[in-house]
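Residues per chain, in single letters:
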Amino acid sequence: MTDNAIGLYLHIPFCAKKCAYCDFYSSFVSEELLDGYTESLISEIKKWGGLLCRPINTVYLGGGTPSLLKERIIPVLSAVSSAFCVESNAEITLELNPSADTVQILTAAKAAGVNRLSIGAQSGNDEELKMLGRTHTAADTLFAVNTARKLGFDNISLDLMLALPHSDLYTLKRNLEFMCSADPQHISAYMLKIEENTLFYKNRESLVLPDDDETAEQYLFMCAYLKDKGFRHYEISNFSRDNKQSRHNLKYWNCEEYLGIGPSAHSFINGKRFYYPRDMKAFLKGASPTGESDGGSKEEYVMLSLRLDTGLDFLEYRKNSVKMYRTA
């Protein structure tokens, strides 16, 4: 692994349907828009490859719904390989929503070089999935996992949501049983937060949500349950086994460098943080990132380190204080 290798995040800001809880930047999709966006994304990849001249050891296609790219993922990742020196053992992750096109999407992902999947399962209960605004069923999730394994994927993560309306320890246990029945290498678990500009926020007065104590009970129950199933609780919301931690996300938590491309995508390069505007039209017209500010302070490094089970490494802290992290 090269010391100056960075991570690359590619934002695919499209959704077939907006989920009731989601406030991430995304746009409704059409084939024409996907084609145009793919061209713009490849153009930016080539530009940054020439500007940075840095190797890459993780690539993460997030969204939105990156799997909507389908076969377009092949030229996108081909552009990454051409523009950057991608290390031979690089982790290349695709976020995937289970859908009717699962076989097509996974076949294209395998051909493109994807070697890790993050599947948006969220729940194993079809009524909960419907309430969340998801377009898949629990059976679709299992089909996606089984299809992925048949195609040779051996690093699969599942997303799980906690503290849902009408949820309790019983419903959570059922969801955990479902997740573990799929035998994933990784689980990312998120507590529902009611964000502005979402359907849940609009209907917040009618939602029957667990209170803070009940939410904490769900979280602690999940931690104990997954530990018993052999998962390492390596970050506040993330659990892995077989040493399959998310190498890309660890870059964020270890205050390492990464480049983000796409509307609303953030970067941290050479001590500076910057981002692309949340504006699809601007990105398609070639708008540059904005909002440059200092990053990687001592305080930031400490805060992010304490998210991890490894905690704060004082030797690394002192070394990076001199080498990279800015003083106040």
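Please read all numbers here as calculations on a predicted model, not as lab measurements. (Residues numbered from 1 in each chain as written. Predicted model: local features only at pLDDT ≥ 70, side-chain atom pairs only at ≥ 80, totals over all residues. Heavy atoms only, no water.)

(A) Quick peek at the overall build of the chain. Along the backbone of the chain there are twelve helices and 14 strands. The C-alpha radius of gyration of the chain comes to 20 Å, within 12% of the 20 Å expected for a compact globule of 328 residues. Across its three principal axes, the chain shows a C-alpha extent of roughly 50 × 50 × 40 Å. Counting across all 328 residues of the chain, residues that qualify as buried make up 51%. (Helix = DSSP H or I, 4+ residues; strand = E, 2+ residues; numbered from the N terminus. Rg over C-alpha atoms; globule rule 2.2 N^0.38 Å. Buried < 20%, exposed > 50% of the residue type's maximum accessible area, 1.4 Å probe, protein only.)

(B) Broad picture of the nonpolar core. The biggest cluster of nonpolar side chains holds 66 residues, and the ones touching the most others in it are Leu-10, Met-222 and Ile-261. In terms of residues, this core owes the most to one element, helix α1 (residues 31-52), which gives seven residues. With residues up to four places along the chain from it excluded, the contact list for Leu-10 reads Leu-41, Ile-45, Val-59, Tyr-60, Leu-61, Gly-62, Val-76, Val-80 and Ile-261. Grouped together as the second largest cluster of nonpolar side chains are ten residues, Leu-132, Leu-164, Phe-200 and Leu-207 included. (Core = buried A, V, L, I, M, F, W, Y, C linked by side-chain atoms within 4.5 Å. Contact = heavy atoms within 4.5 Å.)

(C) The arrangement of α1 in detail. With 22 residues, α1 extends 31 Å between its outermost C-alpha atoms, agreeing within 8% with the 32 Å of an ideal straight helix rising 1.5 Å per residue. All of the buried residues along α1 are Leu-34, Tyr-37, Thr-38, Ser-40, Leu-41, Ile-42, Glu-44, Ile-45, Trp-48, Gly-49 and Leu-52. Cys-53 occupies a position one or two residues after α1 and carries a positive phi of about 50°. (Expected span 1.5 Å × (residues − 1).)

(D) Quick look at the environment of Cys-53. Within the secondary structure layout, Cys-53 lies in the loop between α1 and β4 (56-63). For the pair formed by Cys-53 and Ala-5, sequence separation is 48 residues and the distance between their alpha carbons is 9.9 Å.

(E) Expanded view of the pattern of salt bridges. The final tally for this structure, using the stated rule, is 13 salt bridges. Across the pair Glu-257 and Arg-54 runs a salt bridge, and its minimum N-O distance is 2.7 Å. Here Glu-257, found in the loop between α9 (247-253) and β11 (258-261), pairs with Arg-54, found in the loop between α1 and β4; they are 203 residues apart in sequence, far enough to count as distant. Residue classification places Glu-257 among the buried positions, given a relative accessible area of 14%. On the accessibility criterion, Arg-54 (12% relative accessible area) is buried. Between Lys-173 and Glu-177 there is a salt bridge; the shortest N-O distance is 2.5 Å. With Lys-173 and Glu-177 both in helix α6 (residues 169-181) and four residues apart, this pair spans about one turn of that helix. (Salt bridge = Lys/Arg side-chain N within 4 Å of Asp/Glu carboxyl O.)

(F) Geometry of the pairing of strand β6 (residues 116-122). Counting buried residues along β6, seven of its seven residues qualify, which places the element largely inside the surrounding structure. Here β6 shows no split at all, with Arg-116, Ser-118, Gly-120 and Gln-122 on one side and Leu-117, Ile-119 and Ala-121 on the other all buried. Sheet analysis places strand β5 (residues 86-96) next to β6, joined by four bridges and oriented parallel. By the bridge assignment for β6, Glu-95 is matched with Ser-118. (Pairing = 2+ DSSP bridges.)

(G) Up close: the confidence of the model for the chain. With 95% of its residues at a pLDDT of 70 or more, the chain shows a mean pLDDT of 92. Scored below 50 in pLDDT, residues 322-328 makes 18 contacts in the model with residues more than four places away or belonging to other chains. (pLDDT = per-residue confidence, 0-100.)

(H) Structural view of a negative patch on the surface. Judged by side-chain charge, Asp-168, Asp-211, Asp-212, Asp-213, Glu-214 and Glu-217 come together as a negatively charged surface patch. Position of Asp-211 among the secondary structure elements: in the loop between α7 (199-202) and α8 (212-228). Looking at Asp-211, the relative accessible area reads 41%, which means it is partly exposed. (Patch = residues over 30% accessible without salt bridge, like charges linked within 9 Å, V, L, I, M, F, W, Y side chains within 5 Å. Areas by Shrake-Rupley, 256 points an atom, 1.4 Å probe, with all protein chains shown as cover. Lys, Arg positive; Asp, Glu negative; His and termini not counted. Charge placed at Lys NZ, Arg CZ, Asp CG, Glu CD.)

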